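What follows is each chain in one-letter form.
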Amino acid sequence: MDSKLLMYKILLADLESLRVIMNDGLSSIPADCLHVCIDVTGAYSAQNTELNISLTAVGLLWTTTDFIAKGLLYGLKEENGTGSGILDVQSTSKQMEDVNREEEAANSMNGFSDQAPLINVVDRDKLLFSVFSLLQKLGADGRPEVRNSAVRTLFQTLGSHGHKLSKSMWEDCLWNYVFPTLERASHMAATSSKDEWQGKELGTRGGKAVHMLIHHSRNTAQKQWDETLVLVMGGIARLLRSFFPFLRSLRNFWSGWESLLLSVKSSILHGSKEVSLAAINCLQSTVISHSPKGNLPMDYLKSVLEVYELVLQSSKNYGGNAASKVKQEILHGLGELYVQAQGMFDNGMYTRLLVVVHTAFKQDSTTNNNFEAEFGHVPPLQRTVLEILPLLHPAGHLSSMWSLFLGEILQYLPISDSSLQSAEDKPEKTSTGHHVHGSNKMIKHQMPDSSSANTEDPSLSSGTMASIPGYLLAEKLVPVLVDLFLQAPALEKCTIFPEIVRGLARCMTTRRDSPEGSLWRLAVEGFNRVLVDDTSKLTATRGSDQIIGKPSRIRLWKEVADVYEIFLLGYCGRALPPNSLSTSTLAADESLEMNVLDILGDKILKSQIDAPPDILQRLVSTLDRCASRTCSLPVETVELMPSHCSRFSLACLQKLFLLSSCNDEICGWNLARSEVSKISIMILLTRCDYILKKFLIDENELGDRRFPAARLDEVIFVLEGLARLVVHSDTVSVLPLHPYLKGGLAKENGDKRPHLFILFQSFCELVISRERKVRELVQVLLKFISTELALEKIKLAS
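Quick notes on the rules
Residues numbered from 1 in each chain as written. Predicted model: local features only at pLDDT ≥ 70, side-chain atom pairs only at ≥ 80, totals over all residues. Heavy atoms only, no water. Helix = DSSP H or I, 4+ residues; strand = E, 2+ residues; numbered from the N terminus. Buried < 20%, exposed > 50% of the residue type's maximum accessible area, 1.4 Å probe, protein only. Contact = heavy atoms within 4.5 Å. Polar contact = N/O pair within 3.5 Å; in protein donor to acceptor, adjacent residues only side chain to side chain. pLDDT = per-residue confidence, 0-100. Expected span 1.5 Å × (residues − 1).

**Let's talk about the overall build of the chain**
Each helix and strand in the chain was counted, giving 31 helices and four strands. For the chain, the proportion of its 798 residues judged to be buried stands at 52%. Once local pairs closer than 6 in sequence are excluded, the contacts in the chain between residues at least 24 apart make up 74%.

**Re the side chain of D589**
If you trace the backbone, D589 turns up in helix 22 (residues 583–604). In this structure the side chain of D589 is engaged in a polar contact, spanning 2.8 Å, whose partner is the side chain of R521. What D589 contacts, discounting residues up to four positions off in sequence, is R511, P515, W520, R521 and L581.

**Regarding the confidence of the model for the chain**
In this model, the chain carries a mean pLDDT of 79, and residues with pLDDT of at least 70 account for 75%. Mean pLDDT across the secondary structure elements of the chain bottoms out at strand 4 (residues 435–436), with 35, and peaks at helix 23 (residues 613–627), with 96. Every residue in residues 72–119 is under pLDDT 50, and counting partners more than four places away or in other chains gives 61 contacts. Long-range and interchain partners of residues 417–469, a stretch whose pLDDT sits below 50, account for 143 contacts in this model, where long-range means more than four residues apart.

**Section: helix 23**
Side chains that are three or four residues apart share a direction in an α-helix, a result of its 3.6 residues per turn. Compared with the 21 Å implied by 1.5 Å per residue over 15 residues, the 21 Å span of helix 23 between its first and last C-alpha is a close match. Within helix 23, twelve of the 15 residues are buried, which leaves it mostly tucked inside the rest of the structure. Within helix 23, burial applies to I615, L616, R618, L619, V620, S621, T622, L623, D624, R625, C626 and A627.

**So, unusual backbone geometry**
At N252, a residue that is not glycine, the phi angle is positive and equals roughly 60°. In this structure, N252 sits in the loop between helix 9 (221–247) and helix 10 (253–270). You can call N252 exposed: its relative accessible area is 57%.

Okay, structure coming up:
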């Protein structure tokens with residue numbers, strides 16, 4: 001046997017002979033000579049004369065491990081009983097197939113075996129450890145190309161053939177090769193020189209040396225060790241993805257996991273961007289691969305979450321683009337972690353997750369408070385938070401967390417100046433006698449009365465908005481917030497509903513400061529969506545057992561009434577500075593305002609809502625006060641009012657007519673609708689009486705001068721509306737008619753226009769109006785009154 005060893009040493013003295021033997025002749029080499037091949041290959045790898053020789057030798061080590069793992073696994077067989085120990089792969093092909101099938105069946109049932117059931121396992125292990133030892137030593141080589149190639153080969157070998165290794169071999173690999181390689185690479189990356197290198201001198205030009213260019217990412221020893229550390233992290237990530245359930249069963253693996261976490265934390269906090277991202281991926285890939293399969297115990301999941309939390313809390317001490325990218329990657333990782341492992345989250349862990357995200361957002365807002373103004377877009381990390389928010393909504397078993405989740409999102413919306421916030425939810429009376437209900441977190445506004453409806457009230461301003469967060473972020477956040485809120489369970493939705501309305505209201509009031517912006521428009525659309533959704537579901541569940549408490553619903557409707565009073569009275573149908581907005585924008589804004597009226601008048605007040613009577617009174621009164629703007633202006637200034645203002649006023653007046661009427665709604669009449677109709681009819685008749693009397697006064701004052709078109713259109717609109725108005729019998733009961741008059745009404749009359757009696761005196765005064773159209777309409781109304789009294793049936797005695 002000594003002669004054989006000598007012969008192979010002689011053959012291996014030449015690199016080309018070594019390549020031939022290692023590539024094509026391994027199956028013919030005696031088993032006890034393989035270690036010689038490995039030692040010689042290792043010597044070639046470690047030589048410092050020629051880089052390519054070392055790289056070639058490292059490649060041959062991969063070939064050797066591949067051969068050992070694939071060939072020796074199936075047994076070193078004594079050829080013909082002579083004891084030569086030659087590996088005869090071809091003669092044992094059938095045996096190999098049988099063993100392979102048995103091994104696969106065993107692996108599928110038990111994962112990994114403590115000891116491979118084949119012969120010469122000890123020889124195989126010794127050979128593999130020899131190669132692993134060489135590769136680990138080469139992983140510390142001063143030449144980056146050699147050590148990186150060795151690191152790749154080590155982890156590729158373990159990744160490709162790890163399922164063929166026993167538990168004892170894996171334990172040796174982890175503690176003797178894998179973790180030491182990580183520790184060394186981490187240490188060298190942290191302590192190596194940062195001095196920039198010059199490339200190899202190529203010659204001279206003009207008496208000056210010319211050096212080979214080195215890319216800036218590799219021009220220091222530290223940067224090159226960073227590259228090695230990235231490879232090590234990637235290799236460990238591959239092992240954890242492939243073998244984590246098995247590795248977890250090894251002795252003391254938890255201590256190895258903890259050492260890995262320490263390296264990951266250090267790499268994220270102190271490493272380069274590439275190292276940080278590789279460290280994050282090392283943990284993230286493990287969670288993503290094994291959480292859905294149930295192979296990740298709770299302790300491991302918590303440890304990963306703790307690492308992310310610690311890193312984000314500590315990251316306030318450093319900044320820059322690289323740090324921002326790392327934070328973004330962690331946030332993406334948190335979103336993906338929760339999606340894959342949400343079944344493992346309890347209320348405590350979920351709360352912790354939200355706190356981590358909020359901490360990252362808050363730190364970024366503090367350091368980038370002028371980012372939007374300088375660059376015109378949302379900071380990258382805040383965009384990342386927006387991206388992951390839809391992923392973080394509570395799972396089914398965490399339904400009680402919806403209020404907390406949505407409450408966290410509301411903190412990202414603009415906040416109002418504290419000087420405009422009320423500490424108590426106390427109603428305030430306006431000069432018209434209406435109550436304005438506030439809230440402990442909502443802007444409190446003093447509403448203008450009818451006589452000054454077109455005058456800007458400073459108290460309606462949204463106040464000084466905090467610079468953090470900005471409008472651009474809120475513009476992107478509002479649709480996300482509304483979508484998530486609509487997904488919440490009914491009970492949790494009711495709990496957070498008032499805060500959602502209040503948050504949207506804050507955004508709606510930004511119209512004062514930024515009328516050309518999109519935030520207030522998006523907030524209005526979101527406000528309409530949540531109210532329509534609530535109203536439709538309330539109508540659909542009417543009569544079923546109510547799981548939502550009445551106090552919560554009353555609180556909600558108070559907030560809704562506040563928003564309508566603030567927005568409709570303070571921001572809609574108002575005169576704007578000349579040329580402040582383009583024609584198309586003005587048209588779009590007017591359409592949006594009309595849509596708000598339609599939602600309030602047609603979707604809410606006509607539905608079976610559970611709002612208390614005082615809230616219904618406030619909502620209808622809000623429409624009335626918006627409808628009063630045209631008639632409240634002095635006749636000399638009416639013509640100065642823009643046309644869209646008068647259109648808005650008439651639209652509000654029309655809603656009052658529709659709410660008071662029962663035309664084509666007999667089948668849909670209900671208790672809530674009846675209550676609204678009773679409130680509306682009295683407010684409408686009071687407003688109509690005011691408009692008609694004011695018309696007579698202004699007409700006398702103008703004399704022969706032309707009456708303003710807007711005021712004339714308003715009067716005609718009122719008279720035509722009164723002629724078409726038909727009220728329900730329930731509504732008639734609230735009209736202040738004299739008992740004698742009620743008894744004189746024709747019982748068989750089907751028109752049901754007793755409301756005209758309330759305005760009879762005004763009609764009589766209008767018969768002498770100079771406007772022909774007004775006189776004609778008054779005559780029609782007087783005929784309707786005679787019909788109600790059945791006067792046409794009275795026969796005079798001849």
